[in-house]
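If you want the building blocks of each chain, they are given just below.
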Amino acid sequence: MEQVIEFATNNIMLIIAWIMTLAMLVFTEQRKGGKSVNTHEATRMINKENAVILDVRPKKEYTTGHITNAIHIPVAELDTRMTEINKHKDKPVIVVCNLGQTAGAATKKLMTAGFSNVVKLSGGMTEWKAQSLPILK
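Conventions and cut-offs
- Residues numbered from 1 in each chain as written.
- Predicted model: local features only at pLDDT ≥ 70, side-chain atom pairs only at ≥ 80, totals over all residues.
- Heavy atoms only, no water.
- Helix = DSSP H or I, 4+ residues; strand = E, 2+ residues; numbered from the N terminus.
- Rg over C-alpha atoms; globule rule 2.2 N^0.38 Å.
- Buried < 20%, exposed > 50% of the residue type's maximum accessible area, 1.4 Å probe, protein only.
- Contact = heavy atoms within 4.5 Å.
- Core = buried A, V, L, I, M, F, W, Y, C linked by side-chain atoms within 4.5 Å.
- 1 Å grid on protein atoms, 1.4 Å probe; cavity = no way out; pocket = protein on both sides within 12 Å on 5 of 7 lines; lining within 4 Å.
- Points joined across faces, edges and corners; volume = space filled by probe spheres on them.
- Nonpolar A, V, L, I, M, F, W, Y, C, P; charged D, E, K, R; others polar.

**Q** Any chance you could explain the overall build of the chain here in plain terms?
**A** Secondary structure summary: the chain contains 6 helices and 5 strands in total. Walking the chain from its N terminus toward its C terminus, one meets helices and strands in the order α-α-β-α-β-α-β-β-α-β-α. Taken against the 2.2 N^0.38 rule, which gives 14 Å for 137 residues, the C-alpha radius of gyration of the chain at 19 Å runs more than 25% over that of a compact globule. Its C-alpha atoms put the chain at 60 × 35 × 30 Å along the principal axes.

See the structure below:
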């Protein structure tokens, strides 16, 4: 531990550059996946804006519980099944995965396909279940 502290004090500029690089990487990766919403905002969008829920988890995870009226298209199949959700281009779309990480890739694909109002659920189904919000099995 003493060596780490000694290294940090002797190389403060290197440590600052490393922290800034890490912060820029995190910022860039978050922007790639689009905007995130929490469970409260997602619920508001579902109730007030008639938002569409797109669940991109694998079938096995989807069958363990999903949000009511969610459209299930696994992220691996999204490119080939995009026509199934094209009719919802004018509505807000909330992309849901297990932890909120895979949804970023799906969100990016949807934005590339012309969907203008696409967000991902922060924390995914794990957060949805943690908030004790309703799910269907």
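Read on, since the account is not over.
**Q** Explanation requested: unusual backbone geometry in the structure shown.
**A** Most peptide bonds take the trans configuration, and most residues that are not glycine carry a negative phi. For Asn 69, which is not glycine, the phi torsion reads 65° and is therefore positive. Along the chain, Asn 69 turns up in the loop between α4 (59-63) and β3 (71-72). Look at Ser 132: it is not a glycine, yet its phi comes out positive at around 60°. For Ser 132, the location among the structural elements is in the segment after α6 (124-130).

**Q** Where do I start with the environment of Ala 103 in this structure?
**A** In this structure, Ala 103 sits in helix α5 (residues 102-112). Assessed through its relative accessible area of 0%, Ala 103 is described here as buried. Linking Ala 103 and Leu 54, residues 49 residues apart in sequence, is a C-alpha distance of 9.3 Å. Setting aside residues up to four positions removed in sequence, Ala 103 forms contacts with Val 56, Val 95, Cys 97 and Lys 120.

**Q** Looking at this structure, how should I read the nonpolar core?
**A** Most often, soluble globular proteins have nonpolar side chains that are buried together. Ranked by size, the top nonpolar core spans 15 residues in total, and within it Leu 54, Leu 78, Ile 85, Val 93, Val 95, Leu 110 and Phe 115 carry the most contacts. Element by element, the count of residues in this core is highest for α5, at 3 residues. Membership of the second largest hydrophobic core comes to 14 residues, among which are Val 37, Ala 42, Tyr 62 and Met 125.

**Q** What exactly am I supposed to notice about the layout of surface pockets here?
**A** Here the idea is plain: a probe the size of a water molecule rolls over the atoms and shows the empty space left. For the largest pocket, the calculated volume is near 260 Å³. Ile 46, Ile 53, Ile 67, Thr 68 and Asn 69 are the residues nearest the centre of the largest pocket, which is lined by 16 residues in total. Mapped by element, the contributors of at least two residues to the lining of the largest pocket are α3 (39-48) and β2 (52-55). Among the elements that line the lining of the largest pocket, the one with the most residues is α3, at 3 residues. A class-by-class count of the residues in the lining of the largest pocket yields 9 nonpolar, 6 polar and 1 charged.

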